[in-house]
Structures are given as structure tokens and as C-alpha cells.
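# Examining the three-dimensional arrangement
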Amino acid sequence: MTSSSDLQSLLKRLEKATSRLEELSSKRSESKPADGPRAAGPSSDAGSDNKPVREYEMAVKPQVDNFVEVSSKIGGVVGEQAQMIAQLFAAQQDFIRIATVTKKPSDSQLSQLLGPQQEIIQKIVAVKDSNRPSEFFDNLSAVAEGIAAFGWVAVQPTPVPYINDMKESAEFYSNRVLKKWRDSDSNQVDWVKAFLSILREMAAYVKQYHTTGMVWNPHGGEPEQAIQSIKGSSGPPAAGSSGGAPPPPPPLPTAEQLTEFKSGAASAEKEEGSARGALFADLNKGSDITSGLRKVDKDQMTHKNPALRSNKPVKVPANTAADSKPKAATSRPKRMELQNDKWYVENYGTEHLTIEATATKQTVYMYNCKGTTLDIKNKINSVAIDNCQKCGVVFDSLVSQCEIVNCKSVQIQARETVPSVLIDRTDGAHVFLSQEARDQTQITTAKASEVNVSFPYETENPEDDNFVEQPVPEQLQTVVKDGKLVTTVLEHAG
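All figures in this text were calculated on a predicted structure; none of them were measured in a lab. (Residues numbered from 1 in each chain as written. Predicted model: local features only at pLDDT ≥ 70, side-chain atom pairs only at ≥ 80, totals over all residues. Heavy atoms only, no water.)

This part takes up helix 9 (residues 223-231). Because an α-helix completes one turn every 3.6 residues, residues spaced three or four positions apart along the sequence face the same direction. Three or more residues of helix 9 are buried, namely Pro-223, Ala-226 and Ile-227. All buried residues of helix 9 fall inside an arc of 100° around its axis, so they share one side. If you follow the buried residues of helix 9, they end up packed against helix 3 (76-100) and helix 4 (107-113). (Buried < 20%, exposed > 50% of the residue type's maximum accessible area, 1.4 Å probe, protein only. Helix = DSSP H or I, 4+ residues; strand = E, 2+ residues; numbered from the N terminus. Arc of directions from axis to C-beta. Contact = heavy atoms within 4.5 Å.)

Shown next as C-alpha cells:
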């Protein structure tokens with residue numbers, strides 16, 4: 001057995017070795033700043049243990065992982081888009097980590113720090129835009145609308161309401177996903193719950209740790225250092241470092257080049273001086289300055305010769321620069337075709353079109369049309385009108401709904417029934433309901449203005465029956481009552 005004196009001597013030796021290692025470590029850390037003049041940015045793990053970073057991971061990461069897993073079951077573009085959300089979460093977590101060790105940046109610096117997140121968001125939206133014919137377009141649209149909630153990091157002083165607004169925008173499309181897949185695919189129901197839970201947990205986290213906006217460290221490092229660390233380089237390599245020597249300066253100009261430069265500068269200065277002298281000479285003439293102008297006869301004056309005013313304007317030659325600009329660059333080909341029970345009507349102008357539906361499961365998607373009138377015969381499933389102006393759509397009967405999104409001055413008319421009409425981000429919409437649809441149609445509006453509904457109105461005298469036009473209220477009044485928000489339509493008396 002080892003004696004107590006041996007144990008004591010062993011402990012003393014360990015203490016000496018530990019103190020020696022501590023001295024060497026401190027000397028090495030003190031000698032690092034002398035290696036070069038540049039200041040190092042925050043390391044990749046600086047601030048990782050701070051509470052806001054850990055809580056963000058605990059609150060949001062499980063929801064993101066669950067969403068990625070559910071999306072992988074659906075597969076295709078849905079799974080691809082979900083992987084981008086996982087990348088966006090990682091980028092935002094790194095941004096929060098940087099904020100805990102960095103002073104508050106200026107607006108221009110903030111935009112550079114947000115660069116990685118903005119690039120991923122643009123890719124997520126691009127997935128939606130490039131897959132419009134997909135049967136999962138509603139899923140892609142829900143994510144593209146709701147993903148803007150990740151922009152709360154740049155919102156002050158109310159980031160939580162901003163997240164909730166983006167969540168409501170996503171619910172517009174997620175409700176369509178539920179209507180379409182509720183009875184046929186349980187994975188779609190789980191998908192909607194998983195995505196909305198990300199936004200819900202994010203709002204709860206922001207409310208607790210960033211109530212009035214992103215919290216920065218007033219005693220932290222400079223934002224430029226963080227920007228350089230994101231870009232992967234914190235400045236030019238120092239002398240003696242592994243980055244190598246800086247590039248040599250450009251060669252000095254030769255004597256001939258200097259002579260040519262001086263002669264050219266002298267000639268330019270001489271021409272400028274002569275032009276300036278001529279200008280002052282003309283100004284010094286006084287009233288004689290107009291002596292060089294040509295006199296216009298009375299028969300050449302348009303205000304005294306009506307015949308000249310009747311002449312047609314001069315036409316610009318066809319080979320001018322104005323006509324040399326490409327005109328067909330922005331035009332898109334017209335398209336009206338049926339693909340997998342879905343009619344596509346795109347890029348039409350002032351024309352009258354007719355669709356003869358052959359099955360109730362068929363749908364119609366109308367996109368980027370101006371001044372177009374579309375007549376849909378027979379009963380179909382649904383109609384969607386997207387990014388159209390001054391268009392009219394008439395249909396017999398719908399199984400589910402008619403949707404109007406991003407439109408201006410459109411009209412729809414139901415000859416028979418339409419269970420639901422959804423109007424989102426639209427300025428000017430007129431809905432004409434039939435006698436049969438009047439008491440059965442539900443109209444939902446969001447961010448819409450100038451929405452009117454016309455329907456037949458019955459009176460005691462049948463001869464007086466006519467269509468009544470009424471506007472959908474736009475002004476709402478909200479008050480707090482018994483701890484809850486109570487919203488009513490604002491009515492003006494008088």
C-alpha cells in the first residue's frame with residue numbers, strides 16, 4: 001500500500017505541473033495579438049452557451065426537426081423546401097449567437113449580417129414560384145408566406161405581432177391544404193400542425209427574450225468583425241502569416257507615358273479654356289447677343305398660320321434607339337390547356353374564353369391575365385384567380401371554392417352555387433351571387449379593399465325584385481373587454 005507521504009509528494013508534483021501548464025497557456029494567449037495588426041472576429045462558438053441561444057435551440061429546433069421529418073414522408077418539393085427551413089433555422093441561430101457578443105450594428109451592417117438568412121428565404125420562395133403546376137402548390141405557398149416570420153430579427157419594436165401576422169398569412173394556404181387532404185392523407189394534417197408550431201414557438205421565444213426587438217451586447221465586439229467572420233475572412237493576412245505576402249504594386253509609368261499624359265491634359269485644358277472664353281465673350285455682347293439668330297417670317301409662325309397647326313406630328317424613324325429596345329422580352333406565351341384535371345389559363349389579354357368541363361374533379365387556375373373574360377361551363381371543383389387585372393369569370397357551380405389572390409378589379413359570377421369565396425390581397429372585387437347561392441355562400445376577405453357583393457333581393461311585389469349591391473366592411477373597431485379583444489364593424493352615422 002502507498003503511504004500518506006507518497007500521496008502528498010504526488011499531489012505536490014501534480015500541482016506544480018498544473019501551475020506550469022497554466023503559465024504556458026497564459027503566455028500563449030498573451031502572445032496571440034502580437035502576431036498581426038488585425039483584430040479577430042468572434043469565433044464560431046463564441047456565445048453558444050448564452051441563454052438566448054440555448055433557449056432558441058430548445059424552443060424551435062424540435063419543431064423544425066419534426067417538420068422536416070413529416071415533410072420527408074410527403075417527399076418531392078415539399079421535402080426539399082423543408083430542408084431549406086432547417087438551413088434557415090441554423091443561420092438564424094448563428095445570428096442570435098453573434099448578437100449576444102456584438103454591439104448593435106448600423107442598418108447597412110445589419111443587412112450584411114442578415115445576408116445568409118435572406119439568401120435561404122429567397123430560395124424557399126423560388127421553390128414555390130417554380131412549381132406552380134405541382135399538386136403541393138398550397139403547401140409551398142403556405143411555407144413561402146409564413147417563412148417571412150423569420151425576419152423578426154430586423155423588426156422593432158413589435159416583433160411578436162409581426163410573427164403572428166405572417167402566421168395568419170400562412171394559415172390562409174394551410175387551410176386549403178387541410179380542405180384538400182384532410183380525408184385522404186393524414187401526413188398533410190400533421191404537416192400543417194408541424195409548420196404552424198414552428199411559428200408559434202418562435203413567437204413565444206421572441207416574446208420572452210426579444211420583446212421589443214433583437215437584443216445586442218452593448219459591451220460586445222464591433223459589428224465589422226462579425227461581418228468578416230460570416231464572410232470567412234477577417235481582413236488581409238498579416239505579415240509573416242500563412243496567407244503569403246501581399247501582391248506587388250503596379251509598375252511605374254515610363255517617361256513616354258508621362259509625356260503623352262501631360263500633352264493630352266494640356267490640350268484638354270486648352271480646349272476647355274477656349275470654350276469658356278467664347279461663352280464669356282458672348283455674354284459680354286449684351287443685347288447684341290441675339291444678333292446671330294435667324295428671323296422667322298410670319299408665314300412660318302404656327303400661332304399666326306392655322307394651316308401649320310393642322311399638320312400631323314412627325315413620325316419617328318423605325319431605326320431610332322427607342323425602337324431598338326427589345327419589346328418581346330417581357331411578353332409571355334398564352335396558355336390554355338388541361339393537365340391532370342387542372343385547367344391552366346395564363347397570360348391572356350382582352351379576349352373571351354370558354355372552358356367546357358367534363359368532370360366535377362377538374363379545377364381552373366387563371367394567372368396573369370388582363371381584361372380577359374372566362375366562361376366555365378358545367379360543374380367543377382374550384383377556381384383560382386391569381387395576379388389578374390380587370391378580368392371576369394363566370395361559372396355554373398363549384399364543389400369547394402373560388403379564390404381571388406393578388407388581383408385588381410375582378411368580377412366573378414355564380415350561375416348556381418359556390419360554397420366559399422376567398423379574397424386575399426386584392427383591390428377591387430365584385431361577387432355576383434345567384435338566388436340559389438345567396439344564402440349558402442361564405443365570403444372570406446384578408447387584406448382586401450373595395451369588395452362588393454351583389455345578390456337578388458326579394459320584395460312583396462315581384463315586379464320590384466332586383467339585384468342589390470352591398471360593400472364588404474373594411475373598417476373594424478377593436479376594444480378590450482373582460483380580458484379579450486372584441487372586434488366589431490365600424491359604422492358611420494349620418
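Further notes follow.
A separate point is helix 6 (residues 137-146). Counting buried positions along helix 6 yields ten of ten residues, so the element is predominantly enclosed. All of the buried residues in helix 6 are Phe-137, Asp-138, Asn-139, Leu-140, Ser-141, Ala-142, Val-143, Ala-144, Glu-145 and Gly-146. Buried residues belonging to helix 6 abut helix 2 (51-74), helix 3, helix 5 (115-129), helix 7 (159-181) and helix 8 (186-209).

Where helix 3 meets helix 6, the closest approach of the two axes is 10 Å, and the angle between their N-to-C directions is 15°. In this view, helix 3 runs roughly parallel relative to helix 6, as classed from their interaxial angle. The way helix 3 lies across helix 6 gives a crossing that is left-handed. Residues Val-77, Val-78, Gln-81 and Ile-85 of helix 3 lie in contact with helix 6, whose contacting residues are Asn-139, Leu-140 and Val-143. (Axes fitted to C-alpha atoms, helices over the stretch in contact; angles between N-to-C directions. Parallel < 35°, antiparallel > 145°, perpendicular 65-115°, else oblique. Left-handed = near helix turned anticlockwise from the far one by under 90°.)

Another aspect to go through is the nonpolar core. Formed by 64 residues in total, the largest nonpolar core has its most connected members in Phe-67, Trp-152 and Trp-191. Among the secondary structure elements, those contributing two or more residues to this core are helix 2, helix 3, helix 4, helix 5, helix 6, helix 7, helix 8 and helix 9. For this core, the element with the highest residue contribution is helix 8, accounting for 13 residues. Discounting chain neighbours no more than four positions away, the residues touching Trp-191 are Phe-67, Val-70, Ser-71, Ile-74, Val-78, Asn-139, Ala-142 and Val-143. Membership of the second largest hydrophobic core comes to 35 residues, among which are Cys-402, Ile-404, Ile-423 and Val-431. (Core = buried A, V, L, I, M, F, W, Y, C linked by side-chain atoms within 4.5 Å.)

Position of Ser-71 relative to the elements: it lies in helix 2. Dropping the residues within four chain positions of it, Ser-71 is found in contact with Val-78, Gly-79, Ala-82 and Trp-191.

To continue, consider the pairing of strand 3 (residues 352-356). Here strand 3 shows a buried face lined by Leu-353 and Ile-355 and an unburied face lined by His-352, Thr-354 and Glu-356. As judged from the five bridges shared by strand 3 and strand 5 (residues 373-386), these two strands associate in the parallel manner. Following the sheet pairing, Thr-354 is matched in strand 5 by Asp-375. (Pairing = 2+ DSSP bridges.)

Turning to the pattern of salt bridges, a few remarks are in order. Tallying each qualifying case throughout the model produces 19 salt bridges. Salt-bridge contacts for Asp-94 lead to Arg-97; the nearest nitrogen and oxygen are separated by 2.7 Å. Residue Asp-94 and its partner Arg-97 are located together in helix 3, separated by three residues, close to a single helical turn. Assessed through its relative accessible area of 6%, Arg-97 is described here as buried. We note a salt bridge from Glu-171 to Lys-167, for which the minimum N-O separation is 2.8 Å. Here the residue Glu-171 and the residue Lys-167 both occupy positions in helix 7, the gap between them amounting to four residues, near one helical turn. Accessibility expressed as a relative area gives 24% for Glu-171, which makes it partly exposed. Shared partners join several salt bridges into a network, and the residues in it are Lys-128, Asp-129, Arg-132 and Asp-386. (Salt bridge = Lys/Arg side-chain N within 4 Å of Asp/Glu carboxyl O.)

What follows deals with the pairing of strand 4 (residues 363-367). Across the five residues of strand 4, five count as buried, placing the element largely inside the fold. Burial along strand 4 is two-sided: Thr-363, Tyr-365 and Tyr-367 facing one way and Val-364 and Met-366 facing the other are all buried. Pairing analysis gives five bridges linking strand 2 (residues 342-346) to strand 4, with the strands arranged parallel. Bridging across to strand 4, Val-345 finds its partner in Met-366.

What follows is about the packing of helix 2 against helix 8. Packed helices, taken two at a time, are described by their axes: the angle between them and the distance between them. Interaxial distance between helix 2 and helix 8 falls to 8 Å at its minimum, and their mutual angle equals 170°. Between helix 2 and helix 8, the angle falls in the class roughly antiparallel. For the contact of helix 2 with helix 8, the per-class residue count stands at 15 nonpolar, six polar and five charged. (Nonpolar A, V, L, I, M, F, W, Y, C, P; charged D, E, K, R; others polar.)

Turning next to the side chain of Asp-396. Topologically, Asp-396 is positioned in strand 6 (residues 392-405). Relative accessible area serves as the criterion here: at 14%, Asp-396 is assigned to the buried category. Here the side chain of Asp-396 touches Arg-415 through a polar contact of 2.6 Å, side chain to side chain. In contact with Asp-396, other than residues within four places in its own chain, are Ile-376, Lys-377, Asn-378, Ala-414, Arg-415, Glu-416 and Thr-417. (Polar contact = N/O pair within 3.5 Å; in protein donor to acceptor, adjacent residues only side chain to side chain.)

Moving on, we get to the packing of aromatic side chains. A complete count under the given rule lists twelve aromatic pairs for this structure. Considering the side-chain rings of Tyr-56 and Tyr-205, the 5.2 Å spacing of their centres and the 65° angle between planes classify their relative orientation as edge-to-face. One end of the pair, Tyr-56, is in helix 2; the other, Tyr-205, is in helix 8, and 149 residues separate them in sequence. The exposure classification of Tyr-56 matches that of Tyr-205, with both residues buried. One residue, Arg-335, lies across the ring of Tyr-344, its end atom 4.3 Å from the ring centre. When the ring centre of Tyr-365 is taken as reference, the NZ or CZ atom of Lys-342 above it lies at 5.2 Å. (Phe/Tyr/Trp six-rings, centres within 6.5 Å; stacked < 30°, edge-to-face > 60°. Lys NZ or Arg CZ within 6 Å of the ring centre and 35° of its normal.)

Turning to unusual backbone geometry, a few remarks are in order. Of all residues except glycine, most have a negative phi; of all peptide bonds, most are trans. Residue Gln-156 is joined to Pro-157 through a cis peptide bond whose omega torsion reads 0°. Topologically, Pro-157 is positioned in the loop between helix 6 and helix 7.

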